[in-house]
There are 2 protein chains.
Amino acid sequence: MSEHIVSSYDADLQGLRQRIAEMGGIAEKMLVDSVAALARHDKPLAQTVIASDPRLDVLHREVEENAILTIARRQPLAVDLRETISAIRIAGDVERIGDLAKNIAKRALAIGDDFQPHKIVVGLRHMNDLVMGQLKDVLDAYAQKDTAKALDVWKRDGAIDALYTSLFRELLTYMMEDPRNISFCTHLLFCAKNIERIGDHTTNIAETVHYLVTGETLAIDRPKNDRSIDASVEAGV
Amino acid sequence: MSEHIVSSYDADLQGLRQRIAEMGGIAEKMLVDSVAALARHDKPLAQTVIASDPRLDVLHREVEENAILTIARRQPLAVDLRETISAIRIAGDVERIGDLAKNIAKRALAIGDDFQPHKIVVGLRHMNDLVMGQLKDVLDAYAQKDTAKALDVWKRDGAIDALYTSLFRELLTYMMEDPRNISFCTHLLFCAKNIERIGDHTTNIAETVHYLVTGETLAIDRPKNDRSIDASVEAGV
């Protein structure tokens, strides 16, 4: 490759990384705000979250199309090729995280001022704090190509799943205690599920960072602690 | 391009299309079997569905990596470039459809022989028939590059969302009638949600086929009829 081509290629990659950083910032904000809107019954905040999503979709498409154009134009090989593949994968995961946060915001609007058991809201916020930590760390790991940090995120996902299972169990109990709780508990159930899914996407990103840096796929099984499917049977008596 | 390069490129594309066709076949079978396993309390069938998922994941990665290698090697332009981008997008959607079907199968295992209201099971099967029709048609549309057929799938998604909303409402009613229904109704709620999400993925694929054939993105809003978020508030008193 001539020096000219190399530097255009670097500029292309820089453009991809910048867009992904912008996407990460938007998704983080959407996630924090959606759960805050839910906890504080803050409808304008929920609307703000929903209004942020189209920008994320635009950036996602841009990353996808620019990455492909970069590959077609510059014919990168080995690590450079992995850079572009990774950009496409990570943009896809961040876009989905935004969708899931938007869904929480929609539910915050729908629930409105319905009673929400304090303990559940605390549980959701705690779960969200963990996921937010994962998201920040994995985006840092991507920016710094830090595979050890990525692996750490990957290992931590089990704690989120365990928290989800216990929240799930508690929500079922509230529903059984009083049928008037069923409607908003169902919303909270889906919100908890969304946060757990966001955790899964941070794990995907961690796997992509590992692939980007090492060229290898993480073959070992994920540390899955989601027992909610069984828990609901136990709790259901 | 020399003739030699053109024909290797065609062979590459053929390989991508074959893998996607195989993925489509596996995903269709997983979807049908997962709902059948749920309706008939057929645990071995549910296990079969779960066991099919890894093959789908392998094919997904192969499509992604081969598509990228094809782009790097052959530097396709215009419609040829869209072919490879589309293959990546569609493989991603089909892989997610498999994940969602696997989740239904896991719930089928967890519910076991618990009572399931006949009406709900009929509703789920009906919803699933619609989604299966969408999936078959959109995969045909892709194979035949038939944008009219793809657009037809895209328009039909509203019917699935409407059905989901009514199932959702009914499930909430059962839960309120008797707390013993809450546990398995929660599973059925997530199953219905999964089928609705599969419908969304068929819509994504329809959009990709449109982009593949025309080079343009479907800009108009999707025909969304999912009112379940509001419905649960109404039903919640």
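Residues numbered from 1 in each chain as written. Chains lettered and ligands numbered in written order. Predicted model: local features only at pLDDT ≥ 70, side-chain atom pairs only at ≥ 80, totals over all residues. Heavy atoms only, no water.

Q: How would you summarise the interface of chain A and chain B if you had to cite specific residues and measurements?
A: Tallying the contact residues gives 39 residues for chain A and 39 residues for chain B. Buried area between chain A and chain B, summed over both chains or domains, comes out near 3,500 Å², and the portion from carbon and sulfur atoms is 65%. Taking the shortest distance from any N to any O, the salt bridge between Arg89 of chain A and Glu64 of chain B comes out at 2.7 Å. Applying the counting rule to chain A against chain B returns 2 residue pairs in polar contact (both at pLDDT 80 or more). (Contact = heavy atoms within 4.5 Å. Buried area = accessible area lost by both parts, 1.4 Å probe. Salt bridge = Lys/Arg side-chain N within 4 Å of Asp/Glu carboxyl O. Polar contact = N/O pair within 3.5 Å; in protein donor to acceptor, adjacent residues only side chain to side chain.)

Q: So what's going on with the confidence of the model for chain A? Residues and values would help.
A: Considering every residue of chain A, the mean pLDDT works out to 87; 88% of them sit at 70 or more. With pLDDT under 50 throughout, residues 232–237 of chain A is counted as low confidence; its partners more than four residues away or in other chains account for 13 contacts. (pLDDT = per-residue confidence, 0-100.)

Q: Tell me about the relation of the copies chain A and chain B, and please be specific about residues and values.
A: Of the transformation superimposing chain A on chain B, the axial component is 0.0 Å and the angular component is 180 degrees, with the fit at an RMSD of 0.0 Å. Put plainly, the chains are arranged around a two-fold axis. Same-surface contact between copies: 100% of interface residues of chain A are shared with the interface of chain B. (Least-squares fit on C-alpha atoms with pLDDT ≥ 70 in both.)

Q: Help me get a handle on the side chain of Arg82 of chain A, residues and values and all.
A: Considering the arrangement of structural elements, one finds Arg82 of chain A in helix H3 (residues 78–111). The buried charged residue Arg82 of chain A lacks any salt bridge, with Glu83 of chain A as its nearest oppositely charged partner at 8.7 Å. (Helix = DSSP H or I, 4+ residues; strand = E, 2+ residues; numbered from the N terminus. Buried < 20%, exposed > 50% of the residue type's maximum accessible area, 1.4 Å probe, protein only. Lys, Arg positive; Asp, Glu negative; His and termini not counted.)

Q: Give me the lowdown on the pattern of salt bridges, citing residues and values where you can.
A: This structure, assessed with the given rule, holds 38 salt bridges over all chains. Residue Glu83 of chain A is joined to Arg17 of chain A by a salt bridge in which the shortest nitrogen-to-oxygen separation is 3.2 Å. Of the two residues, Glu83 of chain A sits in helix H3 while Arg17 of chain A sits in helix H1 (residues 3–40), which places them 66 residues apart along the sequence. Given the relative accessible area of 5%, Glu83 of chain A is considered buried. Residue classification places Arg17 of chain A among the partly exposed residues on the basis of a relative accessible area of 26%. Where Asp178 of chain A meets Arg180 of chain A, a salt bridge forms, and the shortest distance between an N and an O atom there is 2.7 Å. Since its relative accessible area comes to 60%, Arg180 of chain A is described here as exposed. Residues joined by salt bridges that share partners form a network here, namely Arg61, Glu64 and Glu65 of chain A together with Arg89 of chain B.

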